[in-house]
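In case you want the letters, here they are:
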Amino acid sequence: MRATVIHAPHDIRVEEVPDAAIQRPEDAVVRVLRACICGSDLWAYRGEAQRQPGQRIGHEFLGVVEETGPAVSGLRAGDLVVAPFMWSDGTCEYCKEGLYTSCDHGGFWGSVGHDGGQGEAVRVPHADGTLVKLPAEAVSDDHLLTGLLALSDVMGTGHHAALGAGVRPGSTVAVVGDGAVGLCGVLAAKRLGAERIIALGRHTVRTDIARLFGATDVVAERGEAAEAAVRELTGGRGAHCVIEAVGTEQSMRTAVNITRDGGAVGYVGVPHGSGTGLDLGVMFDRNITLRGGVAPVRAYIPELLEDVLGGAIDPAPVFDRAVSLDEVPEGYRAMDDRSALKVLIKP
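Residues numbered from 1 in each chain as written. Predicted model: local features only at pLDDT ≥ 70, side-chain atom pairs only at ≥ 80, totals over all residues. Heavy atoms only, no water.

Engineer: Even after reading the chapter, I still don't get the overall build of the protein, so can you show me in this structure?
Structural biologist: Within the protein, the regular secondary structure consists of twelve helices and 18 strands. Taken against the 2.2 N^0.38 rule, which gives 20 Å for 347 residues, the C-alpha radius of gyration of the protein at 20 Å falls within 12% of a compact globule. With the C-alpha coordinates aligned to their principal axes, the bounding extent of the protein is approximately 60 × 40 × 35 Å. Counting the 347 residues in the protein, one finds 55% classified as buried. When contacts within the protein are restricted to residue pairs at least 6 apart in sequence, those whose partners lie at least 24 apart make up 70%. Between the centroid of the 32 positive side chains of the protein and the centroid of its 46 negative side chains there is a distance of 3 Å. (Helix = DSSP H or I, 4+ residues; strand = E, 2+ residues; numbered from the N terminus. Rg over C-alpha atoms; globule rule 2.2 N^0.38 Å. Buried < 20%, exposed > 50% of the residue type's maximum accessible area, 1.4 Å probe, protein only. Contact = heavy atoms within 4.5 Å. Lys, Arg positive; Asp, Glu negative; His and termini not counted. Charge placed at Lys NZ, Arg CZ, Asp CG, Glu CD.)

Engineer: I would appreciate a short explanation of the pairing of strand β5 (residues 61-68) in the present structure.
Structural biologist: A regular strand carries its side chains on alternate faces of the sheet. When strand β3 (residues 28-36) meets β5, the two strands line up antiparallel, connected through seven bridges. Among the inter-strand pairings, Val29 is bridged to a residue of β5, identified as Glu67. With four bridges connecting them, β5 and strand β6 (residues 80-83) associate as antiparallel partners. Within the sheet, the bridge partner assigned to Leu62 lies in β6 and is Val82. (Pairing = 2+ DSSP bridges.)

Engineer: Explain the sheet that holds strand β16 (residues 289-292) here, please?
Structural biologist: Within a sheet, neighbouring strands are paired by backbone hydrogen bonds and run either parallel or antiparallel to one another. An order of β13-β12-β11-β14-β15-β16 is seen for the six strands of this open sheet, with the pairing classed as parallel. For this open sheet the edge positions go to β13 (217-219) and β16, each flanked by a neighbour on one side alone. The sheet shows a mean angle of 20° between the axes of neighbouring strands, taken without regard to direction. Here helix α5 (residues 154-164) sits on the sheet and contacts β14 (239-244), β15 (259-267) and β16; the angle it forms with β15, its principal contact strand, is near 155°. (Axes fitted to C-alpha atoms, helices over the stretch in contact; angles between N-to-C directions.)

Engineer: What should I look at first to understand the packing of α5 against helix α11 (residues 297-310) in this one?
Structural biologist: The description of two helices packed together rests on the angle between their axes and the distance between the axes. Orientation of α5 relative to α11, taken along the N-to-C sense of each, is 100°, at an axis distance of 9 Å. Considering the angle they form, α5 stands roughly perpendicular to α11. Contacts between α5 and α11 involve Met155, Gly156, Thr157, His159, His160 and Leu163 on the former and, on the latter, Val297, Tyr300, Glu303 and Leu304. (Parallel < 35°, antiparallel > 145°, perpendicular 65-115°, else oblique.)

Engineer: Could you clarify how one ought to interpret the side chain of Ser274 in this entry?
Structural biologist: As for its position among the elements, Ser274 is in the loop between β15 and α10 (280-285). Look at Ser274 and you get buried, because its relative accessible area is 7%. Every residue in contact with Ser274, bar those within four places of it in the chain, is listed here: Gly247, Thr248, Glu249 and Met252.

Engineer: What am I meant to see in the packing of aromatic side chains here?
Structural biologist: When we look at a pair of aromatic rings, we describe it by the centre distance and by the angle of the planes. Summed over all chains, the structure comprises four aromatic pairs. For the ring pair Phe61 and Trp109, a centre distance of 5.2 Å and an interplane angle of 75° mean the geometry is edge-to-face. Taken together, the positions of Phe61 in strand β5 and Trp109 in the loop between β8 (107-108) and β9 (121-124) put the pair 48 residues apart, joining distant regions of the chain. Site record: aromatic cluster; members linked through ring pairs are Phe61, Trp87 and Trp109. Directly above the aromatic system of Tyr100 lies the positively charged group of Arg298, at a separation of 5.9 Å from the ring centroid. (Phe/Tyr/Trp six-rings, centres within 6.5 Å; stacked < 30°, edge-to-face > 60°. Lys NZ or Arg CZ within 6 Å of the ring centre and 35° of its normal.)

Engineer: Help me understand unusual backbone geometry in this model?
Structural biologist: Note on backbone geometry: most residues besides glycine have negative phi, and most peptide bonds are trans. Unlike most non-glycine residues, His10 shows phi in positive territory, near 65°. Residue class for His10 comes out partly exposed when judged on its relative accessible area of 45%. Even without glycine at this site, Arg338 takes up a positive phi of about 65°. Inspection of the secondary structure assignment puts Arg338 in the loop between α12 (328-336) and β18 (343-346). Judged by relative accessible area, which is 41%, Arg338 ranks as partly exposed.

Engineer: For this particular structure, what's the right way to read the nonpolar core?
Structural biologist: In a soluble, globular protein the nonpolar side chains are often hidden away together inside. Core analysis: the biggest nonpolar cluster contains 52 residues, and Leu148, Met155 and Val173 have the highest contact counts within it. When residues in this core are grouped by element, the largest group, eight residues, is from helix α6 (residues 180-191). Beyond its immediate stretch of four places on either side in the chain, Met155 contacts Ala150, Cys184, Leu187, Ala188, Leu304, Ile313 and Pro315. Counting 33 residues, the second-largest nonpolar core is a separate cluster that includes Ala83, Trp87, Val124 and Val328. (Core = buried A, V, L, I, M, F, W, Y, C linked by side-chain atoms within 4.5 Å.)

Engineer: Explain the pairing of β14 here, please?
Structural biologist: Of all six residues making up β14, five are buried, and the element is well covered by its neighbours. Relative to β14, strand β11 (residues 172-176) is paired through four bridges, and the arrangement is parallel. For Val173, the partnering residue across the bridge sits in β14 and is Cys241. Across five bridges, β14 lies against β15 in parallel orientation. The residue of β15 that forms the bridge with Glu244 is Tyr267.

Written as structure tokens, this is what we have:
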């Protein structure tokens, strides 16, 4: 089969690799119908996250079950399914607590020795605990299928950030980061009843999506100027709830400085220096809570799926470019130079 591999920074290739195949009784093989490129994939693409030459890449996909191992009981060939960005057994103590990303037997797509999502097919370990069935009729609705793909990562991650920030009906929310996760954070905050949502972003195409998703205000400034703008919009006090969806020192510093006393920051940006943006003395003095981390999206898929199917939320607009599998390297270049927000892959 064909799949995307990374050989070195800025060296993404689509190559022939061994076919996805059942290796353990709990496995399933899924033929990929939709996949995508994540902003976090760019850390490896830029050489800021280590990968072995020839390692698979990609962690967001949905598709059709082709085959199941003898221990798989909840799925059968022909089922349309979406995969969260990590697999999990669904039975360990962490999974029972809803923290699927800490599963005792879990793992990450594209890790050494495992298939990545950006290919023709994927071997799925612990298929019963990992995959979520979708309505079969969704396969013929391209827009719906695209929205459902967002459940594999960005929609659930935005929701996790909103929960970490304590978004509640009537609250004022600020979102730092205008990537797909930040935009889904806006959508999640609106879904949870936020009254005012301030989106921080400089790219009109992206902030237009933020407004579509429910943002009431847009702040285009950065750094201290952004902090001052948010303070002005909030009567000098800041936002009750702040979503941090970037992971850098500046983004975290901005997030803390625009949080209202007694408020909370929900952080989901993959950390790349963000720890240096934290001043615990400031957080202590102002009673600011920090909560977040890698999102256990498997826990959130069922409730978010219901809203996507019912039309209450539609995350599909975060995908602004589609490529074939052979065009994946071009998709990486487009996201790296910010000419694309999030690239959809149609194998």
